[in-house]
Amino acid sequence: AQTVTQSQPEMSVQEAETVTLSCTYDTSENNYYLFWYKQPPSRQMILVIRQEAYKQQNATENRFSVNFQKAAKSFSLKISDSQLGDTAMYFCAFMRTNTGNQFYFGTGTSLTVIP
Amino acid sequence: GAGVSQTPSNKVTEKGKYVELRCDPISGHTALYWYRQSLGQGPEFLIYFQGTGAADDSGLPNDRFFAVRPEGSVSTLKIQRTERGDSAVYLCASSRNSIPGTSNSPLHFGNGTRLTVT
């Protein structure tokens, strides 16, 4: 079974500062995808960043980057230059490539950016 | 349409009643997914359609839950004899093909239906 753990229920950061959200996962698979999704109060899940497990290079998307440690099964999200619009719930998610349809989500981290 | 559309946005029903939740995926997306998000939790997989058929319904909690996608586009999630424990946000998502994690087939979510069973 796959499990995704987010150990930080709530976090806050000052505007323009940097914050890191933690995620660990457990799987026996070798090939898979990892994701970070953002869920604002509108409830829509918005993809922030994606990482393929076979790629050693950490993914980056503008102010968002990940620290992917495959051996440690760790996948943290770094948000640089935090903006008020980054305030939301953030979910880490795992998807196996051999079935390719089920996402396994963590319990989320509520991030508040303080002006 | 521009995105995945779910109706109604909110639904309040009495225990024991039957409810239907609708999902309109992005046009042309062959894969459609239903997830349930309970308070304080991440979304949990319910069912996955590829075209008209349910390719994986292993996440449906019991036989009170059923979903259809008769023409390979709109999907309806049906819950019979609702219970208070069914209260949650029901999220629908769609992707271009059956591998939603790839860069050319990202998973798009709707805004969900918040179901409250009183």
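Residues numbered from 1 in each chain as written. Chains lettered and ligands numbered in written order. Predicted model: local features only at pLDDT ≥ 70, side-chain atom pairs only at ≥ 80, totals over all residues. Heavy atoms only, no water.

## Re the interface of chain A and chain B
Put simply, the rule is: The contact definition used throughout considers only heavy atoms, calling two residues in contact when any of these lie within 4.5 Å. Here the quantity called buried area is the total loss of accessible area, with a 1.4 Å probe, experienced by two parts when brought into contact, counted for both. For this document, the term salt bridge refers to a Lys or Arg side-chain nitrogen within 4 Å of an Asp or Glu carboxyl oxygen. We call two N or O atoms a polar contact when they sit within 3.5 Å, provided that within protein one can donate a hydrogen and the other can accept it, with sequence-adjacent residues counted only if both atoms are side-chain atoms. Secondary structure elements are defined from DSSP: runs of H or I of at least 4 residues count as helices, runs of E of at least 2 residues count as strands, and each element is numbered from the N terminus. Here the nonpolar group is Ala, Val, Leu, Ile, Met, Phe, Trp, Tyr, Cys and Pro; Asp, Glu, Lys and Arg are the charged ones; every other residue, Gly included, is treated as polar.
Every contact between the two is made by 18 residues of chain A and, on the other side, 29 residues of chain B. Between chain A and chain B, a total of about 1900 Å² is buried, with carbon and sulfur atoms accounting for 50% of that surface. At the boundary of chain A and chain B, one finds zero salt bridges. Linking chain A with chain B are eight residue pairs in polar contact (both at pLDDT 80 or more). In terms of residue count, the dominant contributor to the side of chain A that touches chain B is strand β5 (residues 32-39) of chain A (four residues). In terms of residue class, the side of chain A that touches chain B is built from eight nonpolar, eight polar and two charged.

## What to know about the sheet that holds strand β3 (residues 19-24) of chain B
All names here are of chain B. For the record, the criterion: Here, any two strands with at least 2 DSSP bridges between them count as paired. Fitted lines through C-alpha atoms serve as axes, helices being fitted only where they are in contact, and the angles separating the N-to-C directions of these axes extend from 0 to 180 degrees.
Strand order across the open sheet formed by four strands is β1-β3-β8-β7, with antiparallel pairing between neighbours. Both outer strands of the open sheet, β1 (5-7) and β7 (65-68), are each paired with one neighbouring strand and no more. Looking at each pair of strands side by side, their axes are set apart by 15° on average, direction ignored. As defined by bridge partners, β7 adjoins strand β8 (residues 75-79) across four bridges and the pair is classed as antiparallel. When the sheet's bridge partners are listed, F66 is paired in β8 with K78.

## Looking at the nonpolar core
In plain terms, the rule: The definition of a nonpolar core used throughout is a set of buried Ala, Val, Leu, Ile, Met, Phe, Trp, Tyr and Cys residues joined through side-chain atoms within 4.5 Å. Exposure classes here rest on a 1.4 Å probe applied to the protein chains alone. A residue is buried below 20% of its type maximum, exposed above 50%, and partly exposed in between.
Counting residues in each nonpolar core, the largest one holds 26 residues, and the members touching the most others are A:Y25, A:W36, A:F75, A:L77 and A:Y90. Mapped onto this core, the elements with two or more residues apiece are β3 (19-21), β5, β6 (46-52), β8 (64-69), β9 (74-79), β10 (88-96) and β12 (109-114) of chain A. Per-element accounting of this core gives the leading share, four residues, to β10(A). With 20 residues, the next largest nonpolar core counts B:W34, B:A67, B:L77 and B:A88 among its residues.

## So, the side chain of B:Q37
Inspection of the secondary structure puts B:Q37 in strand β4 (residues 31-37). Look at B:Q37 and you get buried, because its relative accessible area is 9%. Among the polar contacts made by the side chain of B:Q37, one reaches the side chain of A:Q39 at a distance of 2.9 Å. Only 3.1 Å separates the side chain of B:Q37 from the backbone oxygen of B:Q41, close enough to count as a polar contact. Apart from the residues within four sequence positions on either side, B:Q37 is in contact with A:Q39, A:F91, B:G42, B:P43, B:A88, B:V89 and B:L91.

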